[in-house]
Amino acid sequence: MSEKLLNEVGVKEVAMSAKLLLVDDEPGVREAVKEYLTEFGFTVQVASNANDAWQMLQQNTPELVISDIMMPKVDGYQFLQQLRDDPRFKALPVVFLTARGMTSDRIQGYQAGCDAYLPKPFDPDELVAIVQNLLERRAANSEDSVGSTELEKIAKQVAEIRAMLDQKHGIVQTPPPLRIDFTAREQSVLDLVAQGLMNKEIARRLETSVRNVEKYVSRLFSKTGTNSRTELVRYALEHGLTK
């Protein structure tokens, strides 16, 4: 595993549990790429052809697809067109991982709608960097495109959180029913959530990605048995878990 990637990019520290779908008809490539991506915290489903991949997509939508181009029956271009023609998968990030590395091939791939094109043989560290970058961009775009109803819901939660903070001295603190051990990063995220900050603001403060913030907030929900930011902050205040 590249020390350069671990030290300079910090992927290992922020390894994500994103679900990926890898489509390649070469068993050796499938297993090697799956194993490498799994080391970085990704959950990887594999398919040996586009038809099987399409069936998997109906059952469990991944957050990114990595696909070969030269495959029997349905090739990568046809598979990508199938994805782009379906409203459910129109914005799903797709990385082409293929032996076809001519400029004309890359142009055809981008014209077909792929998000990245990596010719074989490739540096697996580069693949990890591409995947992480696409997932971070997708998470940021998702937050930017939240509908007005969702924004109103978030604004209401923030208002409730701030109201609780104003009344903080009136809250009787009791020990939590179970001992909860937060990591330093989880504690930082909890403190910022308690200030009423949204994920994008927290990511900016902590110099990390929105996706990583989402991961930490999800962990906080799990550890505290809460289901919303409002519940989380109330629980933290009542049990003295935040500043």
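Residues numbered from 1 in each chain as written. Predicted model: local features only at pLDDT ≥ 70, side-chain atom pairs only at ≥ 80, totals over all residues. Heavy atoms only, no water.

A. Spatial organisation of the overall build of the protein chain. Along the backbone of the protein chain there are 11 helices and 5 strands. Split into buried and exposed, the 243 residues of the protein chain put 45% on the buried side. Long-range pairs, those at least 24 residues apart, make up 68% of the contacts in the protein chain with a sequence separation of at least 6. Surface accessibility of the protein chain: about 12,900 Å² in total, with carbon and sulfur atoms responsible for 49%. (Helix = DSSP H or I, 4+ residues; strand = E, 2+ residues; numbered from the N terminus. Buried < 20%, exposed > 50% of the residue type's maximum accessible area, 1.4 Å probe, protein only. Contact = heavy atoms within 4.5 Å. Areas by Shrake-Rupley, 256 points an atom, 1.4 Å probe, with all protein chains shown as cover.)

B. Representation of the packing of helix 9 (residues 199-206) against helix 10 (residues 210-224) within the structure. In the contact formed by helix 9 and helix 10, the axes pass within 8 Å of each other and the chain directions differ by 110°. It follows from the interaxial angle that helix 9 and helix 10 lie roughly perpendicular. Packed against helix 9, whose contacting residues are Asn 199, Lys 200, Ile 202 and Ala 203, the element helix 10 presents Val 210, Val 213, Glu 214 and Val 217 at the interface. Residue composition of the contact of helix 9 with helix 10, by class: 5 nonpolar, 1 polar and 2 charged. (Axes fitted to C-alpha atoms, helices over the stretch in contact; angles between N-to-C directions. Parallel < 35°, antiparallel > 145°, perpendicular 65-115°, else oblique. Nonpolar A, V, L, I, M, F, W, Y, C, P; charged D, E, K, R; others polar.)

C. Seen up close, helix 11 (residues 229-238). Where burial is concerned, most of helix 11 is hidden: 7 out of the 10 residues are buried. Within the span of helix 11, buried status applies to Arg 229, Thr 230, Leu 232, Val 233, Tyr 235, Ala 236 and Leu 237. Count one or two residues on from helix 11 and you reach Gly 240, which has phi positive near 65°.

D. The arrangement of the sheet that holds strand 3 (residues 64-67) in detail. The strand order across the open sheet formed by 5 strands is 2-1-3-4-5, and the pairing between neighbours is parallel. The sheet terminates laterally at strand 2 (43-47) and strand 5 (116-119), the two strands that pair on one side only. With strand direction ignored, the average angle separating the axes of adjacent strands in the sheet is 20°. Note: strand 1 (residues 19-23) against strand 3, 4 bridges, orientation parallel. If you follow Leu 21 over to strand 3, its bridge partner there is Val 65. Relative to the sheet, helix 2 (residues 27-39) contacts strand 1, strand 2, strand 3 and strand 4 (94-98), its axis offset from that of strand 2 by approximately 170°. Against the sheet, helix 5 (residues 103-112) engages strand 4 and strand 5, with an angle of about 150° to strand 5. (Pairing = 2+ DSSP bridges.)

E. Structural context of the packing of aromatic side chains. By the definition in use, this model includes 5 aromatic pairs. Ring geometry for Tyr 36 and Phe 40: centres 5.3 Å apart, planes at 45°, overall tilted. Across the pair, Phe 40 and Tyr 36 agree in class, each one buried. Judged by centre distance (6.2 Å) and plane angle (85°), the ring pair of Phe 96 and Tyr 117 falls under edge-to-face. Placement of Phe 96 in strand 4 and of Tyr 117 in strand 5 is noted, with a sequence separation of 21 residues between them. For the residue pair Phe 96 and Tyr 117, the accessibility class agrees, reading buried in each case. Here the aromatic cluster, defined as three or more aromatic residues joined through ring pairs, consists of Tyr 77, Phe 96, Tyr 110 and Tyr 117. (Phe/Tyr/Trp six-rings, centres within 6.5 Å; stacked < 30°, edge-to-face > 60°.)

F. How the structure looks around the pattern of salt bridges. Evaluated as defined, the whole model comprises 8 salt bridges. Salt-bridge contacts for Lys 120 lead to Glu 26; the nearest nitrogen and oxygen are separated by 3.6 Å. Taken as a pair, Lys 120 in the loop between strand 5 and helix 6 (124-144) and Glu 26 in the loop between strand 1 and helix 2 lie far apart in primary sequence, 94 residues in all. On the accessibility criterion, Lys 120 (18% relative accessible area) is buried. In this structure Glu 26 comes out as partly exposed when scored by relative accessible area, which is 38%. In this structure, Arg 88 engages Asp 86 in a salt bridge whose closest nitrogen and oxygen atoms are separated by 2.7 Å. Residue classification places Asp 86 among the buried positions, given a relative accessible area of 13%. Sharing partners across several salt bridges, the network here consists of Asp 24, Glu 26, Asp 68 and Lys 120. (Salt bridge = Lys/Arg side-chain N within 4 Å of Asp/Glu carboxyl O.)

Just geometry here; none of it tells us what the structure is for.
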